[in-house]
Amino acid sequence: MNTKKIWTNYNDELYFFILKKVKNKSAAHDIVQNTFLKIHKNLHSVRDEKKIKSWVFQIARNEIANYFNEESVYVEKFDTDLNTSLQKYQEVCCFDRFINDLPEIYREVIELIYITGLKQKNAAELMGISLENLKARLRRAKGILKKNFNTCCKYEFNEEGDLVGESNCTVCEKD
């Protein structure tokens, strides 16, 4: 199989697959081009032509992930509201420690949503999980963080679930 034949067989299907994920025609065209460049470069590594379609779509998924990674860097650099909200949380006692102590599957979700600033749908696609799964992980992570804040730092929670009050941290008092 050659690149031209792959283009003929999968171009339209691949374009609409990518467009459905990124919802931007210009970005979808760019991702298709990058995908076919990688296909052309690495076509020699395909051993089983029966698996060519899954190989092509895996390259496309990787390119979509690269696109969202680049988008999140762009948002982080230029979104001033994100910087403001991060400063608010950095003042909270033990915040970084509690996030770092989360199990990997929960920490990754918290970092993508609240630190990097990705939308939940984009984070789910990047992680390769369903939106429902991402929401469940986010809910569990928040529960763990709330429990840790309540146990260690003695913060209170208002009706909206936000941290209020002053720190009465058992860890910080030792310092």
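Up top is the structure these notes are about.
Chemist: I keep staring at the pattern of salt bridges and nothing clicks. Help me out?
Modeler: Here the idea is simple: oppositely charged side chains can pair when their charged atoms come close. In the structure shown here, the tally under the stated rule is 3 salt bridges. One salt bridge in this structure joins Lys38 and Glu63, with 2.6 Å as the shortest N-O distance. Taken together, the positions of Lys38 in helix H2 (residues 25–42) and Glu63 in helix H3 (residues 52–78) put the pair 25 residues apart, joining distant regions of the chain.

Chemist: For this particular structure, what's the right way to read the packing of helix H1 (residues 3–22) against H2?
Modeler: Look at H1 against H2: their axes get within 9 Å of each other, and the N-to-C directions meet at 145 degrees. Taken as a pair, H1 and H2 cross one another with a handedness that is right-handed. Of the residues in H2, those touching H1 at Thr3, Ile6, Trp7, Asn11, Leu14, Tyr15, Ile18, Leu19 and Val22 are Lys25, Ala27, Ala28, His29, Ile31, Val32, Thr35, Phe36, Ile39 and His40. Classifying every residue of the contact of H1 with H2 by side-chain character gives 13 nonpolar, 5 polar and 1 charged.

Chemist: What am I meant to see in the environment of Glu125 here?
Modeler: Within the secondary structure, Glu125 is located in helix H7 (residues 120–127). In this structure the C-alpha to C-alpha distance between Glu125 and Phe68, which are 57 residues apart in sequence, comes to 9.0 Å.

Chemist: Teacher, can you tell me more about unusual backbone geometry here?
Modeler: If a residue is not glycine, its phi is most likely negative; likewise, a peptide bond is most likely trans. For Lys23, which is not a glycine, the phi torsion comes out positive at approximately 55 degrees. In this fold, Lys23 is placed in the loop between H1 and H2. Of the residues examined, Lys23 reaches a relative accessible area of 57% and is grouped as exposed.

Chemist: Got a minute to help me understand the nonpolar core in this structure?
Modeler: Nonpolar side chains tend to gather and get buried jointly when the protein is soluble and globular. By size, the foremost hydrophobic cluster in this structure holds 23 residues, and its most contacted members are Ile6, Leu14, Ile18, Val22, Val56 and Ile64. Elements with a minimum of two residues in this core: H1, H2 and H3. Setting aside anything within four residues of it in sequence, one finds Leu14 in contact with Thr35, Phe36, Val56, Phe57 and Ala60. Grouped together as the second largest cluster of nonpolar side chains are 19 residues, Ile113, Ala123, Ile129 and Phe149 included.

Cut-offs applied
Residues numbered from 1 in each chain as written. Predicted model: local features only at pLDDT ≥ 70, side-chain atom pairs only at ≥ 80, totals over all residues. Heavy atoms only, no water. Salt bridge = Lys/Arg side-chain N within 4 Å of Asp/Glu carboxyl O. Helix = DSSP H or I, 4+ residues; strand = E, 2+ residues; numbered from the N terminus. Axes fitted to C-alpha atoms, helices over the stretch in contact; angles between N-to-C directions. Left-handed = near helix turned anticlockwise from the far one by under 90°. Contact = heavy atoms within 4.5 Å. Nonpolar A, V, L, I, M, F, W, Y, C, P; charged D, E, K, R; others polar. Buried < 20%, exposed > 50% of the residue type's maximum accessible area, 1.4 Å probe, protein only. Core = buried A, V, L, I, M, F, W, Y, C linked by side-chain atoms within 4.5 Å.

It is worth stressing that arrangement in space is one thing and function is another; only the former is reported here.
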